[in-house]
Amino acid sequence: MFSMLSLFSQPLFAAYSQWSLGAAVSYSPVIYQDTPSNVVGIPMVGYEGEHVFFRGFSAGYRMLPAGSPQNIVFRLMYDPRTFKPDDSTNANMQLLDERKSTVLGGVSYQLITMVGMFEATAGSDIGSTHNGLYAEAAWRLPIRMRGWGLTPSIGYSYNSEKINNHLYGVSQAESTATGGAIKAFDADWDGQFFVGLSAYMFVTKNIRLTGSIRYLNLEGDIENSPIIEHTTSSTATIGASYVF
């Protein structure tokens, strides 16, 4: 999965009871055959509390206060990955089924050390779209200065066959609809590596600019999907918000 855990750039440890309101623009590159890149505007409502947080399309609850050396975090995340057949200029791709977005739920274990934060997450689709499972391991290194910060990250996401088939599989019925032009493809458990960088900067006491970029590399069996145009991609988000 693309990393829904850090879709929006936020300070890792923010002041308790801090609200923010703003908007962002997100760029997603071509994933499916003959389908254009996607640039969308996204409203952002954020809240950072001692236990509860909201970050754009994700929310969570920490068992221990923010900043604790170890923590368990329960999460809800909107997964925007979709494919609309009509978006493709390829006549055969237009005959495939739509891939719909969903909501993912998960639980994370966080360990904060002198060399960064290590996080392991596991969860599933709770939106009943594909009922797949996922797991992710990530390392992040928050660099916080006066008024600005950077967070490089690296990790690996592993998805069950239900998620991979939802996103990259081709059923026999779909293949038949294309007259065999697109071969049937049954995805297995596989995942993707990712490398990212998120940043924030306060231009005034209350106005904060945020941005992130993430490089993804699909690997394993899903690289052979006949509906994927590229197995590597880079996504980016830039936004501005007012911090109360």
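Residues numbered from 1 in each chain as written. Predicted model: local features only at pLDDT ≥ 70, side-chain atom pairs only at ≥ 80, totals over all residues. Heavy atoms only, no water.

Inspection of the secondary structure assignment puts V115 in the loop between β6 (102-113) and β7 (116-125). On the accessibility criterion, V115 (52% relative accessible area) is exposed. The sequence separation of V115 and T210 amounts to 95 residues, and the corresponding C-alpha distance is 23 Å. For V115, the residues in contact, after removing those within four places along its chain, are W139 and L141. (Helix = DSSP H or I, 4+ residues; strand = E, 2+ residues; numbered from the N terminus. Buried < 20%, exposed > 50% of the residue type's maximum accessible area, 1.4 Å probe, protein only. Contact = heavy atoms within 4.5 Å.)

With that out of the way, let us pick up the environment of R99. Inspection of the secondary structure assignment puts R99 in the loop between β5 (70-79) and β6. Overall, the relative accessible area of 3% leaves R99 in the buried class. Separated by 111 residues in sequence, R99 and T210 have C-alpha atoms that sit 29 Å apart. Residues contacting R99, with those up to four places away along its chain left out, are Y32, R81, T82, F83, N165, H166, L167, G169, V170, E174 and I227. At 2.3 Å, the side chain of R99 forms a polar contact with the backbone oxygen of G169. (Polar contact = N/O pair within 3.5 Å; in protein donor to acceptor, adjacent residues only side chain to side chain.)

Attention now moves to the pattern of salt bridges. Taken as a whole and judged by the stated rule, the model has seven salt bridges. Its salt-bridge partner being R55, residue E48 comes within 2.7 Å of it at the nearest N-O pair. No difference in accessibility class separates E48 from R55, as the two residues are buried. Put simply, R75 and E119 hold a salt bridge, and the shortest N to O gap is 2.7 Å. (Salt bridge = Lys/Arg side-chain N within 4 Å of Asp/Glu carboxyl O.)

With that settled, the discussion passes to the confidence of the model for the protein chain. Any region with low pLDDT has predicted coordinates that should not be read closely. Taken residue by residue, the protein chain gives an average pLDDT of 90. The fraction at 70 or more is 93%. Across residues 1-15, where pLDDT falls below 50, the model places 58 contacts with residues more than four positions away in sequence or in other chains. (pLDDT = per-residue confidence, 0-100.)

The next point concerns the pairing of strand β10 (residues 148-159). Residues of β10 alternate between two faces, with G149, T151, S153, G155, S157 and N159 buried on one and W148, L150, P152, I154, Y156 and Y158 left unburied on the opposite face. By the bridge criterion, seven bridges tie strand β8 (residues 133-140) to β10 in an arrangement that is antiparallel. Across the sheet, residue A135 finds its bridge partner in β10, namely Y158. Where strand β9 (residues 143-145) lies against β10, three bridges are found, and the strand directions are antiparallel. Among the inter-strand pairings, R144 is bridged to a residue of β10, identified as G149. Between β9 and the antiparallel strand that follows it, β10, lie two residues; G147 among them carries a positive phi value of about 90 degrees. Taken together, the twelve bridges between β10 and strand β11 (residues 190-202) define a ladder with antiparallel strand orientation. What sits directly across from G149, in β11, is Y200. (Pairing = 2+ DSSP bridges.)

One finds Y32, M93, L96, Y168, V170, I182 and I227 to be the most contacted residues of the largest nonpolar core, which totals 18 residues. Among the elements that take part in this core, helix α1 (residues 161-168) stands out by supplying three residues, more than any other. (Core = buried A, V, L, I, M, F, W, Y, C linked by side-chain atoms within 4.5 Å.)

For α1, every residue scored as buried is listed here: I163, N164, H166, L167 and Y168. On an axial view of α1, the arc spanned by its buried residues comes to 160 degrees, and they lie on one face. (Arc of directions from axis to C-beta.)

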